[in-house]
Amino acid sequence: MSRADGGGLLVSELVTMFRRRRTIALLSVLAAVPVLIAVAVKLSTSDVQPGDGPAFLDRVSQNGLFVAVTALVVSIPLFLPLAIGVVAGDTIAGEAGLGTLRYLLIAPVGRVRLLLVKFASSIAFCLAATVVVAVSGAIIGAILFPVGRVTLLSGSTVSPGNALGRAALIAGYVTLSLLGMTAIGLFVSTLTEVPVGAMAAVVVLAIASQILDSIPQVSWIHPWLFSHEWLGFADFMRDPISWTSTQRDALLQLGYVAVFGALAYSRFTTKDVLS
Amino acid sequence: MKDRSWWIRAVSPPIAVGAVIAVSAVGLPANASAPQLSPKTAQQVVALLANQTVSGLSGDVVEKSALGLPSLPSGGGGRSTTAGLTGLLAGTHSLRVWVGKAGQFRAQVLDTLDETEVVSDGTTLWTYVYSTNSVNRMTLPAQHQASTSKPSPAEASLTPDQAATKVLSAIDPSTEVTVSGTASIAGHGAYLLDVRPRTADTTIGVIRIGVDATTGVALRVQIFARGATSAALTIGFTHVSFGTVDASRFHFTPPPGATNTRGGPSIVTGRPYASEKPLPATAPDSTPSTQPRIVGTGWASVVVLPHGALTASLPDQPQGNQRRYRASGPNLADLVARAGTKVTGGTLLHTALINVLVADDGRVLVGAVPASVLQKALTAPAQTG
């Protein structure tokens, strides 16, 4: 019975989230990123030289599938964290701010279960956001540019089908990479009743983490930053595929989920829900 | 406030769990205790090294440079700036390596969103840099192919032990070779072979080679500067497995659209521009001697490059907030000018192992020697190296 209730709660939460205008707007913006890239490359008169612009941009005109990869490279530092910060920061604080948290908890829904459902729905949004960028990129790339064998980082080429399989792995990897940030967002969201504050805090943390990651003088902290392995998805574009980043990333994100999940749990189960 | 202590109690166990997970993610230092191996003399270890028995190997390699060159912020959403092989001069890099028979090998330098390949099937050497999409093809010299495939009859007549003894006695006047202990490298027991220059006219303190006790494969090489306790340069396996590697791994087909170059310096710098036009290497007004020459012998050798010979690019390594160099790339002279110090006779770029002196007359002196030896070499008589 409780499982059915949890499942029902998750479904209704997902439906609410994906029907929300804000969610649709966020996903639309993410879908527009690859379109913008593809159209810009298509309209430009001069070829993109290797080394110019974001990584993989110079490959776009030769193979449309690279639009998806370029869009991911562009989206990972800012757009994806921004979107996830909005959704994860809103989870608890949004309900509290609207005054609906009280009613949710008056209904026979345990706080732990509500937290888990909120976390699961945020993860679902991470996956949706990543897939939207990749699929939109692949589609617009296929429309505007030729699609053929894809050159991997190692110089070997694979068929488009193989490349799509690798793209699916990349989408999974990027979602995995964002788990730590999602857990942080959940925790921050339990601290406040002002959703905007929680959203801003999460985005600021994501940017601060990336800035720290680019400063060599604090290299000792780099392996501990939740953004450290974000660009490691390129390991799926090597021949043979390297799983090193995935292993490191999984452990890292698991650590963040454990720590901030525990913090969110402690905070939320002891919180006075007044409004 | 009564629940504050409860809060802390509830939080501390998960934090401990998280910390354990994170520590294992970062990777604790490998078991440092030295494995128990039967003691061997330097001759025996050299013989082991010279008589490797593996048909092939593959593994992950970490290369770490602490030469003291200025380093550049990397990552953070941008692309790695270390494309090409000179990037290996600074920082830490991961590589994947496969080695086969008769000069077959493949190395991949794994950078963020980038990769540099070096592939040899024994007769042809390919290099490929993904970010610049440049391919470089070189046919290996025939004698190199021969020497890697079969030893000369004179060498073959010696047992590995005899050959090792011969080598050791040949280098003995200048170099001391000892076995300094054992270590566990990439999970394999290994002997540490120390190669130590006897002269004080070199910056190199000791070259320490970790030789796998069972196969004789060199698993790690560390170069220590004189008097230093941590290695200036370390390259070693973090994971290795022995066994024949599929031959297809050593074949390389240039991807469509790649810039094809031959023998240009882009092999080193990873920059296509250098190969598209001949190197502006020799300035027209250069001195009559345009060939590099060697001053000094053995460990204290100094390479003297004539005026204008050095326009090869170094990796992007501006200091601090200096602008990033793009396609043009900084050349060594730039780097020396910015990172170097004025000394008598020129400007010195000092690193832990290599010193570079750009003389006031434009010559460039390079050597694994102290600065004073470089300055002495400035006035050394001309001799062909």
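If you're wondering where the values come from, they're calculated on a predicted model, not measured in any experiment.

**Points about the overall build of chain B**
Alright, step 1. Secondary structure summary: chain B contains nine helices and 18 strands in total.
Alright, step 2. The proportion of buried residues among the 385 residues of chain B is 43%.
Alright, step 3. Of all intrachain contacts in chain B linking residues separated by at least 6 positions in sequence, the fraction that spans at least 24 positions is 54%.
Alright, step 4. For chain B, the accessible surface area stands at approximately 18800 Å², while carbon and sulfur atoms represent 59% of it.

**A few points about the overall build of chain A**
Alright, step 1. When its secondary structure is counted, chain A shows 10 helices and two strands.
Alright, step 2. The order of helices and strands in chain A, counted from the N terminus, is α-α-α-α-α-α-β-β-α-α-α-α.
Alright, step 3. The C-alpha radius of gyration computed for chain A amounts to 20 Å, which stays within 12% of the reference 19 Å derived for 275 residues, consistent with globular compactness.
Alright, step 4. Overall, chain A is about 60 × 40 × 35 Å in size when its C-alpha atoms are taken along their principal axes.
Alright, step 5. Expressed as a percentage of the 275 residues in chain A, the buried residues total 52%.
Alright, step 6. Relative to all contacts within chain A whose residues are 6 or more apart in sequence, the contacts with residues 24 or more apart total 77%.

**A look at the nonpolar core**
Alright, step 1. Counting residues in each nonpolar core, the largest one holds 83 residues, and the members touching the most others are A:Phe56, A:Phe66, A:Leu80, A:Phe125, A:Phe233, A:Phe260 and B:Leu113.
Alright, step 2. When residues in this core are grouped by element, the largest group, 10 residues, is from helix α6 (residues 111-144) of chain A.
Alright, step 3. Residues contacting A:Phe233, with those up to four places away along its chain left out, are A:Val69, A:Leu72, A:Val73, A:Ile76, A:Ile170, A:Tyr173, A:Val174 and B:Leu113.
Alright, step 4. In this structure, B:Ala42, B:Leu48, B:Val195 and B:Ile223 belong to the second largest nonpolar core, which totals 21 residues.

**Focus: a nonpolar patch on the surface**
Alright, step 1. The grouping of A:Leu78, A:Leu82, A:Ile207, A:Ile211, A:Leu212 and A:Ile215 at the surface amounts to a nonpolar patch, some 430 Å² of accessible area in total.
Alright, step 2. Turning to its location among the elements, A:Leu78 is positioned in the loop between α3 (66-75) and α4 (79-98).

**Quick look at helix α8 (residues 179-191) of chain A**
Alright, step 1. Relative to the 18 Å expected for 13 residues at 1.5 Å per residue, α8(A) spans 19 Å between its end C-alpha atoms, a close match to the ideal helical length.
Alright, step 2. Of all 13 residues in α8(A), 12 are buried; the element is thus mostly enclosed.

**A short note on the side chain of B:Arg363**
Alright, step 1. Considering the arrangement of structural elements, one finds B:Arg363 in the loop between β17 (355-359) and β18 (364-367).
Alright, step 2. With residues up to four places along the chain from it excluded, the contact list for B:Arg363 reads B:Arg293, B:Val304, B:Leu305, B:Pro306, B:His307, B:Leu357, B:Val358 and B:Leu378.

**Focus: the pairing of strand β11 (residues 233-242) of chain B**
Alright, step 1. Inspection of the sheet shows strand β1 (residues 57-65) of chain B paired to β11(B) by nine bridges, in the antiparallel sense. Opposite B:Lys64, over in β11(B), you have B:Thr234 as the bridge partner.

**A closer look at the packing of helix α2 (residues 21-43) of chain A against α4(A)**
All names here are of chain A.
Alright, step 1. Two elements in contact, α2 and α4, have axes whose closest approach is 10 Å; the angle formed by their N-to-C orientations is 170°. On the basis of the axis angle, α2 is roughly antiparallel to α4. Touching Arg 22, Leu 26, Leu 30 and Val 33 of α2 are Phe 79, Leu 80, Ala 83, Val 86, Val 87 and Asp 90, all from α4.
Alright, step 2. For the contact of α2 with α4, the residue count by class is eight nonpolar, no polar and two charged.

**A few points about the pattern of salt bridges**
Alright, step 1. Inspection of every chain in the model, using the stated rule, returns 15 salt bridges over all chains.
Alright, step 2. For A:Glu95, the salt bridge identified is with A:Lys118, shortest N-O distance 2.8 Å. One end of the pair, A:Glu95, is in helix α4; the other, A:Lys118, is in helix α6, and 23 residues separate them in sequence.
Alright, step 3. For A:Lys118, a relative accessible area of 3% corresponds to the buried category.
Alright, step 4. A:Arg238 serves as the salt-bridge partner of B:Glu115, at 2.7 Å between the closest nitrogen and oxygen.

**So, the packing of α4(A) against helix α9 (residues 195-213) of chain A**
Residues and elements named next belong to chain A.
Alright, step 1. Where α4 contacts α9, the two axes come as close as 7 Å, and the packing angle between them is 145°. Seen along the crossing, α4 lies across α9 with a hand that is right-handed. On α9, the residues that touch Pro 81, Leu 82, Gly 85, Val 86, Gly 89, Asp 90, Ala 93 and Gly 94 of α4 are Pro 195, Ala 198, Met 199, Val 202, Val 203 and Ala 206.

**Considerations on unusual backbone geometry**
Alright, step 1. A cis amide bond links A:Asp239 with the next residue in sequence, A:Pro240, at an omega value of -5°.
Alright, step 2. Counting through the fold element by element, A:Pro240 comes out in the loop between α9 and α10 (244-269).
Alright, step 3. Positioned with a positive phi, B:Leu113 is a non-glycine residue whose angle comes to about 55°.
Alright, step 4. Inspection of the secondary structure puts B:Leu113 in the loop between β3 (104-111) and β4 (114-121).

Scoring rules and cut-offs
Residues numbered from 1 in each chain as written. Chains lettered and ligands numbered in written order. Predicted model: local features only at pLDDT ≥ 70, side-chain atom pairs only at ≥ 80, totals over all residues. Heavy atoms only, no water. Helix = DSSP H or I, 4+ residues; strand = E, 2+ residues; numbered from the N terminus. Buried < 20%, exposed > 50% of the residue type's maximum accessible area, 1.4 Å probe, protein only. Contact = heavy atoms within 4.5 Å. Areas by Shrake-Rupley, 256 points an atom, 1.4 Å probe, with all protein chains shown as cover. Rg over C-alpha atoms; globule rule 2.2 N^0.38 Å. Core = buried A, V, L, I, M, F, W, Y, C linked by side-chain atoms within 4.5 Å. Patch = residues over 30% accessible without salt bridge, like charges linked within 9 Å, V, L, I, M, F, W, Y side chains within 5 Å. Salt bridge = Lys/Arg side-chain N within 4 Å of Asp/Glu carboxyl O. Expected span 1.5 Å × (residues − 1). Pairing = 2+ DSSP bridges. Axes fitted to C-alpha atoms, helices over the stretch in contact; angles between N-to-C directions. Parallel < 35°, antiparallel > 145°, perpendicular 65-115°, else oblique. Nonpolar A, V, L, I, M, F, W, Y, C, P; charged D, E, K, R; others polar. Left-handed = near helix turned anticlockwise from the far one by under 90°.

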